[in-house]
Amino acid sequence: MTFAIRCRTCGKPQILPDSERGQQIVCRACGVRGLAPTAPPAAPSSTIPLAASPGPHHSRWPIVLFILAGVIATALIAALPFLMHRKTWEDTHRAQIIALKTEAASLAHDRKNHEAFDRYRKLEDLVEGQTFHDPNLRTLVDQAHEDRGRIYRALLATAKPASRPTTQLASAIRPATTPATQRTTVVIVPTTAPATAPINPLDTAAAPPSRPATAPAVAVAAAPPHYAKPILHIVKPATAPSTEVTDEQIGQAIEKGADYLLQQFDKGILKGMRGAGSDAGAFNTGLDALCVYALLQASQAIHDDRLNPRGENIRLMLSILKQMPASFGPVTYARSLRAAALAFLDRPEDRRALDTDVQFLLKSANRGAFSYRKLADMGKAFLNDDGETQGEGGWDNSNSQYGLLGVWAGAEVGIEVPPTFWAEVQNHWTQCMREDGQWNYLGKRPPTLSMTAAGIASLFVAQDYLDSSDTLDHVGQPPFSKPLEMGLHYLENSNHAIDVWEAGWRTGYTLYGVERVGLASGFKYFGKHDWYRELAKSLLARQQPNGAWPVIENGQILAARQNNLVETAYSLLFLSRGRHPIFMNKLRFDGDEATPGYWSNRPRDIANLARFASHELERPLNWQVVSIDRDVADWSDCPVLYIASHMPPPLKPADYVKLKSFVDAGGLIFTHADASSDQFNAWVADLAKKIAPDYPLADIPPDHPMFSSMYPLQNTPHITGVSNGVRLLLVNSPEDLSTQWQRRSEKTQRGTFQFGVNLFVYAAGKSNLRNRISEPTLTPTPRPSAEHADLIQLRYNGNWNPEPYAIVRFSQYLQAQTSLGLNILTRDIKDLNIEEAPIAHLTGTAAFKLTEEETKALKSYVSHGGILLIDSAGGSPQFTQSIRTLLPTLF
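One structure accompanies this document, and this report is about it. (Residues numbered from 1 in each chain as written. Predicted model: local features only at pLDDT ≥ 70, side-chain atom pairs only at ≥ 80, totals over all residues. Heavy atoms only, no water.)

### Focus on the overall build of the protein chain
Part 1 of the reasoning: On a plain count of helices and strands, the protein chain comes out with 24 helices and 26 strands.
Part 2 of the reasoning: Long-range pairs, those at least 24 residues apart, make up 74% of the contacts in the protein chain with a sequence separation of at least 6.
Part 3 of the reasoning: With the model as given, the accessible surface of the protein chain reaches about 41,100 Å², and the carbon-plus-sulfur share is 54%. (Helix = DSSP H or I, 4+ residues; strand = E, 2+ residues; numbered from the N terminus. Contact = heavy atoms within 4.5 Å. Areas by Shrake-Rupley, 256 points an atom, 1.4 Å probe, with all protein chains shown as cover.)

Spelled out as C-alpha cells, the structure:
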C-alpha cells in the first residue's frame, strides 16, 4: 500500500510506501525534512511540516561549505561529457514532462479528476509529434496516455444524475475490440477512390449497448446570423511534424532576420556607411536599399512596431536612402533596388526621387538590356564581378534583370514607361535564351539557375505590359509564349527548381529569383516540388542564432558582415513575399494531344485580380496554380478553386471525386465560361450534379451576401450557383469577366474587379487570412482509439446533412482531445432508439415538419434519458422557427 503527501514548502507531491508512516523523510524536490503522518489523513492529501529536526547551535558552515564544494565539483566533472554535447528536446523538456505526469497522478489520487485530466492534456500537447530515444521517458508518456483515458472514462461515469443510479452515460462507450461485423467507425473516403458510386464519408452499422440515462434532455445550439462563409478544412493522414516546416516557424524566422537587420542600422543608415556626399558610390547605396526593401517586405509578413511604414524608423531610412549617391560603381543595382524600396510604399514625398531613378534606368537601357551604368558611360572601362569587361553592347543578364525590376517597380505605381521598352525586354531575353530553356550570365558561360530564373521572371514582367488586346478575344491558345513554356518546362523537370544551394555565395540571390518566378507563374509546384515549402525548410535550417543567414562557400561560412547583410536581406525577401495568403487557386488540367486542356486562356486574369485585391484590402495576396493531378489536400491553401475554360475540361472520374471532396470539406468552386462558351456552361451544369446532386444550379439573387461582402455592387453580373442552404458550394459566371481582368481594366470595368474581391471576401473573410502554408487540416491522431462513444445522426425528409464533413471533423477533434473514438449511426427519426446511443444530433437549413410517428419517436427517446442536440446549420431562421414549433409538442 502507498500514501501520498505534499510538501508545504514547494508544493510538490510524493508517493511513499506505508512503511514510511511516522518516519523522518526528506522532500525530493526541495530537501525539507519532516515527519510523515502516522495514520491515513482525513483530507485527500498530507503535507510535510516546514520545521527541520532541531540540532546544536554551533556553526557548521565551514564543514558544510567544504562538503558542498566537493559535491558541486564532483557533479560538474561527471556532467562534463554531457555539457559538451548539445541538449536534445528530451533533455530540455524532461523535467517538465515528469512534473506534469507527477502532478496529474497526484491530482488523480486526490480524486480531482478534472484537474488531473487537464494536466494530462497539457502533457500530451507538449509531447505531440516528438520522437523519444529514452525508453524510460517513452514509457512514462505512454503510461500518461493510458491514465488520461481512464480519467476521462471516470469523468463520464460521474456525469449521470444521482436519481438514476442504475445506468451510466459510460455505457455508450465501447472497447476498440468491438467486432467489425457489429460496428464501423467513421470512414474517410480517400481521394483515389473510384467514382463509380456516390461518396458516403459516413459508413456505419449498429450494435445496441445497454440503455443510458442522462440529462439535460435537449440542447439547442445558439444560432448565429444566417450567413456562413465557407471554412475549408481538409482531413488528411498524419505527417510527422519533423518533416514539415510550419507557418509559425517561418514567422519566427522572419522576426529574427528582421531583428538582425534592424540592429545593423544606426540613425536610419547601415552602420559604417555615410549618406549624401559619400565617396563609396553606388555599392553602399545598393546594399542599404536592399536591406531597407527587405525590411519593408517583412513588415507585411510579421508584426513589428519598428517596421511600421508610418513610424519614425522607416521614415528616417527612406529619407536617408533618397540622398545616398549612385553615380559610379554598380549604379544599375543601386538605382533599381532603391526604386523598389521607394515604390513599395509609394509615398508622395518619395515620388520625385523614384521618378529620377526610373528615368535614369530607362535611359540606361541598351535594347532591353542593362550594364552596371548608363549606356553613355560605356566608353569608360568597368569590370564586372569576375574582373572582366562586359559583353557586346555593354550588358549582362544579372544587370538586365535588375534594371528591369527597377523600371517595373515604377510602372506598377503609375510612372509612364514607353511600350517599346517592354517589347525590347521581351526580345532581349528571348534572343539570349539557350535551346534547353536556360539562360547564362554572359557570352558562352554555362547556364545557371539564378540566370534561368531571371530570364523567366523578366519575360513574365514584359508579358504583363505588352499590348495583346487584339488576341484576348481568341481562346484555345497556349497559356505561355514559347520561351516561357521552355523555361518553365526546365524548372518542372528533375530537381532544377530547388538546386539553389549549389550556387555558393549566390544562394540568396538565386532564392529571390526562384521566388519571383513562383509568384509570377503562380505555380505551387515545380514538378514534384512544393518550391516554397521545401526551400523555406532548408533556409530555416541555415539561419544563425543571431537571426542572420551567412554565406556558405565550399562548406565554409564566410564571416564578412556585408555577405551576411546581402544573404539575410534576400532570405527575408524570399520568406516574406512567399508567405502571404493565397487569393485563389487556379486549376490546371493539361489533357493530351487528342483532348487538350485549355485551362488558361487568360494567363494573367487571377494574377491581375489578386493585385487589385491586395491594393483594396491593404494586404498582400498571392495566387496559385494547382494541378488536378495533385491530392485534394494540396488545394487547401485557399478556399476558392478557380476553373476557367471554353471547353469541357478533360477530367477523369477520380477527378470529380476530388472536386466533391473539396466542396464537402468547405471549399468553394468558382467556374468561368471563357468567351461565354455554351459548351463550358453545359459542363458546369453536369459538374453541379456530380458534386452536389441534392441541390439545384440556379441564378444567385442580387441580394445574396456574396454581392455585398466588400462592395455593394451597383450592377450585379449574371451569376449562377449551387447552395446547400448554409453556403455557396459552386459559383459560375456564364458570361466572360476574365477578359477585363486580363486587360487590367480596373479603371473602366471596376465592377468586374469588385465582384472578384467580393467572392474572395465571402469565402475567406476580410481579416485573419491564413498564410500560405498555414494548413487548415485536422490530422488524425496516430494512436488507435482505446474506447468509442456512439452518436446518432438523425435523418428526415429535409436537408438533414448539409455539411457531410462536419461530423468527420468533430470525430477527429474529439479523439485528439479525449482519445475517445466516435461511432456515427445514421438513423431515420422514426427508428430512433435509446438502446443504440445516448445522444442524437438534429440539424438542417430549411423549414420542416415531422410526422406524428417521428414526433413520438423523439419524445420517447428524450423521456428515456436520451440527449437531443439541435443546431440550425448556418443560423437558418427557417429551421430555427420549425424547432420552436416542435419543442412544445415534445414537452
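Let's pick the thread back up.
### Regarding the sheet that holds strand β16 (residues 622-627)
Part 1 of the reasoning: The mixed open sheet is built from 7 strands, whose spatial order is β16-β15-β17-β18-β21-β20-β19. The sheet terminates laterally at β16 and β19 (698-699), the two strands that pair on one side only.
Part 2 of the reasoning: Bridge analysis of β19 against strand β20 (residues 720-723) gives 2 bridges, and the strand direction is antiparallel. Bridge pairing in β20 places aspartate 699 opposite threonine 720.
Part 3 of the reasoning: Along the sheet, helix α17 (residues 605-617) makes contact with β15 (582-588), β16 and β17 (640-645), crossing β15 at roughly 175°. (Pairing = 2+ DSSP bridges. Axes fitted to C-alpha atoms, helices over the stretch in contact; angles between N-to-C directions.)

### So, the pattern of salt bridges
Part 1 of the reasoning: Across all of its chains, the model carries 39 salt bridges by this definition.
Part 2 of the reasoning: As a salt-bridge pair, lysine 101 and aspartate 147 come within 3.6 Å of each other at their nearest N and O atoms. With lysine 101 in helix α2 (residues 89-109) and aspartate 147 in helix α4 (residues 135-157), this pair connects stretches of sequence that are 46 residues apart.
Part 3 of the reasoning: Look at lysine 101 and you get buried, because its relative accessible area is 14%.
Part 4 of the reasoning: With a relative accessible area of 11%, aspartate 147 lands in the buried category.
Part 5 of the reasoning: The residue aspartate 247 makes a salt bridge to arginine 579 at a minimum N-O spacing of 2.8 Å. Here arginine 579 lies in helix α16 (residues 561-579) and aspartate 247 lies in helix α5 (residues 247-263), a separation of 332 residues in the sequence. There is no split in this pair, since aspartate 247 and arginine 579 are both buried.
Part 6 of the reasoning: When salt bridges that share partners are traced, they join Glu412, Asp464, Arg604, Arg611 and Arg744 into one network. (Salt bridge = Lys/Arg side-chain N within 4 Å of Asp/Glu carboxyl O. Buried < 20%, exposed > 50% of the residue type's maximum accessible area, 1.4 Å probe, protein only.)

### Some thoughts on the nonpolar core
Part 1 of the reasoning: Within the largest apolar cluster, 171 residues are counted, with the highest numbers of intra-cluster contacts made by Phe421, Leu575, Leu659 and Met706.
Part 2 of the reasoning: In this view, leucine 575 contacts Ile250, Ala253, Ile254, Tyr532, Ala536, Leu539, Leu540 and Trp549; residues no more than four positions away in its chain are not counted. (Core = buried A, V, L, I, M, F, W, Y, C linked by side-chain atoms within 4.5 Å.)

### What about the pairing of strand β26 (residues 867-872)?
Part 1 of the reasoning: Pairing analysis gives 6 bridges linking strand β25 (residues 839-844) to β26, with the strands arranged parallel. Among the inter-strand pairings, alanine 840 is bridged to a residue of β26, identified as leucine 868.
Part 2 of the reasoning: A crossover connection joins β25 to the parallel β26 through helix α23 (residues 852-863); in handedness this β-α-β unit is right-handed. (Right-handed = clockwise from strand over helix to strand, strands pointing away.)

### Examining unusual backbone geometry
Part 1 of the reasoning: Its identity as a non-glycine residue notwithstanding, serine 676 has a phi of 55°, on the positive side.
Part 2 of the reasoning: Take serine 676: it is sitting in the loop between β18 (668-673) and α19 (678-691).
Part 3 of the reasoning: Judged by relative accessible area, serine 676 falls into the partly exposed class, the value being 33%.
Part 4 of the reasoning: Despite not being glycine, serine 819 has its phi angle at roughly 65°, a positive value.
Part 5 of the reasoning: Serine 819 gets classed as buried once you look at its relative accessible area, which sits at 14%.

### What about the packing of helix α8 (residues 331-345) against helix α9 (residues 351-364)?
Part 1 of the reasoning: It is at 9 Å that the axes of α8 and α9 come closest, and there the two elements cross at 140°. Pair α8 / α9 crosses with left-handed handedness. Note on element contacts: α9 touches α8 through Ala353, Leu354, Thr356, Asp357, Phe360 and Leu361, opposite Val331, Thr332, Arg335, Ser336, Arg338, Ala339, Leu342 and Ala343.
Part 2 of the reasoning: A per-class count over the contact of α8 with α9 returns 8 nonpolar, 3 polar and 3 charged. (Left-handed = near helix turned anticlockwise from the far one by under 90°. Nonpolar A, V, L, I, M, F, W, Y, C, P; charged D, E, K, R; others polar.)

### Concerning the pairing of β20
Two faces belong to every sheet, and in a regular strand the side chains alternate between them.
Part 1 of the reasoning: Of the strand pairs in this sheet, β20 and strand β21 (residues 728-733) are connected by 4 bridges, and their pairing is antiparallel. Within β21, the position partnered with valine 722 by the bridge is leucine 730.

### A few points about the packing of aromatic side chains
Part 1 of the reasoning: As enumerated under the stated definition, the model contains 27 aromatic pairs in all.
Part 2 of the reasoning: With centroids separated by 6.4 Å and ring planes inclined at 70°, the aromatic side chains of phenylalanine 370 and phenylalanine 421 adopt a geometry described as edge-to-face. Note that phenylalanine 370 is positioned in the loop between α9 and α10 (397-412) and phenylalanine 421 in helix α11 (residues 419-431), a separation of 51 residues in sequence.
Part 3 of the reasoning: Judged by its relative accessible area of 0%, phenylalanine 370 is buried.
Part 4 of the reasoning: Judged by centre distance (6.1 Å) and plane angle (85°), the rings of tyrosine 509 and tyrosine 570 are edge-to-face. Taken together, the residues span a long stretch of sequence, with tyrosine 509 in helix α14 (residues 507-521) and tyrosine 570 in helix α16 at a distance of 61 residues. (Phe/Tyr/Trp six-rings, centres within 6.5 Å; stacked < 30°, edge-to-face > 60°.)

### Details of the side chain of asparagine 284
Part 1 of the reasoning: Among the secondary structure elements, asparagine 284 is positioned in helix α6 (residues 282-299).
Part 2 of the reasoning: Judged by its relative accessible area of 15%, asparagine 284 falls in the buried class.
Part 3 of the reasoning: Once you skip the residues sitting within four places of it in the chain, asparagine 284 turns out to touch Met273 and Met324.

### A few points about empty space enclosed by the protein
In this approach a probe as big as a water molecule rolls over the atoms, and the regions it shows empty are the leftover space.
Part 1 of the reasoning: The final tally for this structure, using the stated rule, is 1 cavity of 30 Å³ or more.
Part 2 of the reasoning: By volume, the largest cavity is sized at about 40 Å³.
Part 3 of the reasoning: Every residue along the wall of the largest cavity is listed here: Phe480, Ser521, Phe523, Lys586, Trp599, Ser600, Pro603, Trp623 and Val625.
Part 4 of the reasoning: When its residues are assigned to classes, the lining of the largest cavity shows 6 nonpolar, 2 polar and 1 charged. (1 Å grid on protein atoms, 1.4 Å probe; cavity = no way out; pocket = protein on both sides within 12 Å on 5 of 7 lines; lining within 4 Å. Points joined across faces, edges and corners; volume = space filled by probe spheres on them.)

### A word on helix α15 (residues 531-541)
Part 1 of the reasoning: Looking at α15, one finds that the buried residues are Trp531, Tyr532, Arg533, Leu535, Ala536, Leu539 and Leu540.
Part 2 of the reasoning: Next to the buried residues of α15 lie α5, α14, β11 (525-526), β12 (529-530) and α16.

### Observations concerning helix α21 (residues 750-764)
Every α-helix carries 3.6 residues per turn, so stepping three or four residues along brings you back to the same face.
Part 1 of the reasoning: With 15 residues, α21 should cover 21 Å at 1.5 Å per step; its first-to-last C-alpha distance of 21 Å lies within 8% of that length.
Part 2 of the reasoning: Burial analysis of α21 places 13 of its 15 residues in the buried class, which makes it a mostly covered element.
Part 3 of the reasoning: One or two residues past the end of α21 sits glycine 765, with phi positive at roughly 95°. (Expected span 1.5 Å × (residues − 1).)

### What to know about the side chain of asparagine 585
Part 1 of the reasoning: Along the polypeptide, asparagine 585 turns up in strand β15.
Part 2 of the reasoning: Among the polar contacts listed, one links the side chain of asparagine 585 to the side chain of glutamine 624, at a separation of 2.9 Å.
Part 3 of the reasoning: Ignoring sequence-local partners within four residues, the contact set of asparagine 585 consists of Gln624, Val626, Trp635, Asp637, Cys638, Val640, Leu641 and Tyr642. (Polar contact = N/O pair within 3.5 Å; in protein donor to acceptor, adjacent residues only side chain to side chain.)

### Let's talk about the packing of helix α7 (residues 312-323) against α8
Part 1 of the reasoning: With their axes 11 Å apart at the nearest point, α7 and α8 run at an angle of 140° to one another. The angle between α7 and α8 falls in the class oblique. Considering the relative orientation of α7 and α8, their crossing is left-handed. Residues Ile314, Leu318, Leu321 and Lys322 of α7 form the contact with α8, whose own contacting residues are Arg338, Ala341, Leu342 and Leu345.
Part 2 of the reasoning: Its residues assigned to classes, the contact of α7 with α8 comprises 6 nonpolar, no polar and 2 charged. (Parallel < 35°, antiparallel > 145°, perpendicular 65-115°, else oblique.)

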